[in-house]
Amino acid sequence: MTRAPAHQLIQLGPDDLADRLAEALHVYVTAMGYPHSTARHRRTLWLDHSRRPGWRAVGWFDSTGALLGIAYGYTGGPGQWWFEEVRRGVSAQGPEAHIWLRDYFELTELHVHPDAQGHGLGERLLRALLTLTDRPRVLLSTPEYGTEPPGRAWRLYRRTGFRDVLRNHRFTGDSRPFAVLGRELPLSPAR
Ligand SMILES: CC(C)(COP(=O)(O)OP(=O)(O)OC[C@H]1O[C@@H](n2cnc3c(N)ncnc32)[C@H](O)[C@@H]1OP(=O)(O)O)[C@@H](O)C(=O)NCCC(=O)NCCS
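Rules and cut-offs
- Residues numbered from 1 in each chain as written.
- Predicted model: local features only at pLDDT ≥ 70, side-chain atom pairs only at ≥ 80, totals over all residues.
- Heavy atoms only, no water.
- Helix = DSSP H or I, 4+ residues; strand = E, 2+ residues; numbered from the N terminus.
- Rg over C-alpha atoms; globule rule 2.2 N^0.38 Å.
- Buried < 20%, exposed > 50% of the residue type's maximum accessible area, 1.4 Å probe, protein only.
- Bend = angle between axes of the 7 residues up to and from the residue.
- Core = buried A, V, L, I, M, F, W, Y, C linked by side-chain atoms within 4.5 Å.
- Contact = heavy atoms within 4.5 Å.
- Near = heavy atom within 4 Å.
- Polar contact = N/O pair within 3.5 Å; in protein donor to acceptor, adjacent residues only side chain to side chain.
- Areas by Shrake-Rupley, 256 points an atom, 1.4 Å probe, with all protein chains shown as cover.
- Nonpolar A, V, L, I, M, F, W, Y, C, P; charged D, E, K, R; others polar.
- Salt bridge = Lys/Arg side-chain N within 4 Å of Asp/Glu carboxyl O.
- Axes fitted to C-alpha atoms, helices over the stretch in contact; angles between N-to-C directions.
- Parallel < 35°, antiparallel > 145°, perpendicular 65-115°, else oblique.
- Left-handed = near helix turned anticlockwise from the far one by under 90°.

K.L.:
What's the story with the overall build of the protein in this structure? I'm lost.
P.N.:
Looking only at helices and strands, one finds six helices and seven strands in the protein. Put simply, the protein runs from its N terminus to its C terminus through helices and strands in the order β-α-α-α-β-β-α-β-α-β-α-β-β. The C-alpha atoms of the protein give 16 Å as radius of gyration, which agrees with the globular expectation for 191 residues (16 Å, within 12%). C-alpha atoms of the protein, sized along the principal axes, occupy 50 × 35 × 35 Å. Within the protein, the proportion of its 191 residues that are buried is 47%.

Dropping the structure here:
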């Protein structure tokens, strides 16, 4: 990838992600408020994801070429950790819930650096990423908001039409409750 032009949303390939991995993981841990040690642990996982079928990624760059936002996902399917964790939850629901797991794009990561949040970058990254997949639906997981008002990620997902697939789902190894949200694709253009 050549140096990014000013303020641009750009599709990233696997090599681009590998080149900018430290920067992308910095955006991720800063946006999520995770300790920086988490970035080290995620390196291999993110590179592994970038080799999965249907992997698509977009980045948002500022005028200096610094990465401000990143989003990626890939085609979900049996054998993947996330698929099997969600299938466990979906199995406890009616048979119609299984339709969600047929042929979907997993929106795996969506993060905007805190300094750049609140200006619509997240929505533009989300919309751009979802135009790059030809899967008929998209699924994602996000922490439950509990008794707090829904945060920015939740407002974004609701605004763009994501519905509940699972609520208060527990992923193995994480004590926090999560929601799994989904919607059919394509997304209608922003109003
Ligand atoms: C969730 C996240 C990706 C959203 O990105 P963002 O750029 O902050 O958010 P949005 O694109 O939704 O825009 C934010 C606000 O700007 C407003 N806005 C301003 N100008 C806008 C424009 N031109 N277009 C769209 N929205 C605009 C929106 O109305 C929105 O309002 P709201 O959040 O008060 O409801 C980002 O906040 C983030 O990284 N959070 C921490 C990490 C995280 O939670 N990731 C998701 C994990 S599942």
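K.L.:
Where do I start with helix α3 (residues 37-49) in this structure?
P.N.:
It helps to recall that an α-helix has 3.6 residues per turn; residues three or four apart then point in one direction. At R43, α3 shows its strongest bend, of approximately 40 degrees. Taken together, the buried positions of α3 are occupied by T38, A39, W46 and H49.

K.L.:
Mind showing me how you'd approach the nonpolar core here?
P.N.:
Within the largest apolar cluster, 25 residues are counted, with the highest numbers of intra-cluster contacts made by L130, Y157 and F162. When residues of this core are assigned to their parent elements, the largest contribution, six residues, is made by helix α5 (residues 121-131). Look past the residues within four positions of L130 in its chain and what remains in contact with it is F105, V138, F162, L185 and L187. Residues I10, L21, A57 and I70 belong to the second largest nonpolar core, which totals 18 residues.

K.L.:
Where do I start with the site of the ligand in this structure?
P.N.:
In the vicinity of the ligand lie 21 residues, with V112, G122, E123, R152 and R159 positioned nearest. G120 places a main-chain nitrogen or oxygen 3.2 Å from an oxygen atom of the ligand. In the model, an oxygen atom of the ligand is placed 3.4 Å from a nitrogen or oxygen of the L121 main chain. For the ligand, the accessible surface in isolation is 930 Å², of which the surrounding protein chains cover 73%. Mapped by element, the contributors of at least two residues to the shell around the ligand are α2 (21-32), β4 (105-112), α5, β5 (137-143) and α6 (152-159). Looking at the shell around the ligand element by element, the count peaks at six residues for α6. When grouped by side-chain class, the residues that make up the shell around the ligand number eight nonpolar, eight polar and five charged.

K.L.:
How do you make sense of the pattern of salt bridges when you look at a structure like this?
P.N.:
Opposite charge on two side chains makes pairing possible when the charged atoms of those side chains draw close. Across all of its chains, the model carries 14 salt bridges by this definition. Linking D134 and R135 is a salt bridge whose minimum nitrogen-to-oxygen distance equals 3.0 Å. A residue is classified by how much of its surface remains accessible, and D134, at 64% relative accessible area, is exposed. Using a relative accessible area of 23% as the deciding quantity, one classes R135 as partly exposed. The partner of R176 in a salt bridge is D174, and the shortest N-O contact between them spans 2.8 Å. Relative accessible area serves as the criterion here: at 25%, D174 is assigned to the partly exposed category. Because the salt bridges share partners, they merge into one network encompassing E144, R158, D164 and R167.

K.L.:
How should the packing of α2 against α3 be read in this particular structure?
P.N.:
Working note: a packed helix pair is described by the angle between its axes plus the distance between those axes. At a minimum axis distance of 10 Å, the contact between α2 and α3 shows a crossing angle of 120 degrees. Judged by the inter-axis angle, α2 sits oblique to α3. As α2 packs across α3, the resulting crossing turns out to be right-handed. In this structure, α2 uses L21, A24, L25, Y28 and V29 to contact α3, whose residues at the interface are T38, A39, R42, R43, W46 and L47. Split by residue class, the contact of α2 with α3 holds eight nonpolar, one polar and two charged.

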